[in-house]
Amino acid sequence: MVSRVIFWTGFGFVVRFWQLGIEMRPFFNRKALWAYPVFGGVGASFGYWLQGVDERQTKMLQERKEAILEKRARRAERAASAAAAAPTEVVA
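Just so it is clear, the structure is predicted and the values come from calculations on it, not from any experiment. (Residues numbered from 1 in each chain as written. Predicted model: local features only at pLDDT ≥ 70, side-chain atom pairs only at ≥ 80, totals over all residues. Heavy atoms only, no water.)

Draft legend 1. Focus on the overall build of the chain. Helix and strand counts for the chain come out as two helices and zero strands. Taken over C-alpha atoms, the radius of gyration comes to 29 Å for the chain, far larger than the 12 Å a tight globule of 92 residues would show. By principal-axis analysis of the C-alpha atoms, the chain measures approximately 100 × 20 × 15 Å. Accessible surface computed for the chain: about 7800 Å², of which carbon and sulfur atoms make up 66%. Across the chain, the centroid of the 14 positively charged side chains sits 12 Å from that of the 8 negatively charged ones. (Helix = DSSP H or I, 4+ residues; strand = E, 2+ residues; numbered from the N terminus. Rg over C-alpha atoms; globule rule 2.2 N^0.38 Å. Areas by Shrake-Rupley, 256 points an atom, 1.4 Å probe, with all protein chains shown as cover. Lys, Arg positive; Asp, Glu negative; His and termini not counted. Charge placed at Lys NZ, Arg CZ, Asp CG, Glu CD.)

Here it is in structure tokens:
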């Protein structure tokens with residue numbers, strides 16, 4: 001989780017550098033230094049949210065996988081019991 005938050009924090013800083021580069025403004029201006037923590041914080045927030053989305057989706061997929069496997073096992077049991085209970089036909 002920490003790696004994802006750190007990555008998106010860095011991405012926020014890179015976006016700020018890119019913005020200043022496009023505007024051809026100095027990267028480190030005393031009046032504009034407050035924006036770096038803001039961009040980093042927004043990036044970190046996005047990374048934290050994205051981690052939560054990933055965990056919820058993984059949990060949901062695991063639950064669905066277990067439900068499908070249980071359903072297949074029940075179907076196999078029914079098929080096995082139906083095959084065992086079916087009378088066999090003897091041809092003379």
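Draft legend 2. Representation of the pattern of salt bridges within the structure. Under the criterion given, the structure shown has two salt bridges. A salt bridge links R4 to D54; the shortest N-O distance between them is 3.7 Å. Residue R4 is found in helix α1 (residues 2–23), and its partner D54 is found in helix α2 (residues 35–85); the two are separated by 50 residues along the sequence. Take D54: its relative accessible area is 31%, and that puts it in the partly exposed class. Salt-bridge contacts for R25 lead to E23; the nearest nitrogen and oxygen are separated by 2.6 Å. (Salt bridge = Lys/Arg side-chain N within 4 Å of Asp/Glu carboxyl O. Buried < 20%, exposed > 50% of the residue type's maximum accessible area, 1.4 Å probe, protein only.)

Draft legend 3. Structural context of α2. The end-to-end C-alpha distance of α2, which contains 51 residues, comes to 75 Å, matching closely the 75 Å that a straight helix rising 1.5 Å per residue would cover. Among the residues of α2, those classed as buried are A35, Y36, G40, G43, A44, G47, Q51, G52 and V53. Next to the buried residues of α2 lie α1. (Expected span 1.5 Å × (residues − 1). Contact = heavy atoms within 4.5 Å.)

Draft legend 4. Spotlight on the environment of F46. Position of F46 relative to the elements: it lies in helix α2. C-alpha of F46 to C-alpha of T9: the two residues are 37 residues apart in sequence and 8.6 Å apart in space.

Draft legend 5. Looking closely at the packing of aromatic side chains. One pass over the structure, following the stated rule, counts nine aromatic pairs. Residues F7 and W8 carry aromatic rings whose centres are separated by 5.2 Å and whose planes lie at 85° to one another, so their mutual orientation is edge-to-face. Their ring planes at 80° and their centres at 4.7 Å tell us that W8 and F46 sit as a pair that is edge-to-face. Of the two residues, W8 is situated in helix α1 and F46 in helix α2; the sequence distance between them amounts to 38 residues. Judged by relative accessible area, which is 36%, F46 ranks as partly exposed. An aromatic cluster is present here, built from F7, W8, F11, F46 and W49 joined pairwise through their rings. Across the ring face of Y36, the terminal group of R16 is positioned such that the distance to the ring centre comes to 5.8 Å. (Phe/Tyr/Trp six-rings, centres within 6.5 Å; stacked < 30°, edge-to-face > 60°. Lys NZ or Arg CZ within 6 Å of the ring centre and 35° of its normal.)

Draft legend 6. Inspection of α1 at higher detail. With 22 residues, α1 ought to run about 32 Å at 1.5 Å a step, and its terminal C-alpha atoms sit 32 Å apart, in line with that. Burial in α1 covers these residues: W8, T9, G12, R16 and L20. For α1, the arc enclosing every buried residue in end-on projection is 125°, short of the 170-degree limit, so these residues lie on one face. When the buried face of α1 is taken as reference, the exposed residues oriented beyond 90 degrees from it are S3, I6, F7, V14, W18 and I22. Residues of α1 that are buried in the fold lie against α2. Among the residues trailing α1, M24 stands out with phi positive, at a value near 55°. (Arc of directions from axis to C-beta.)

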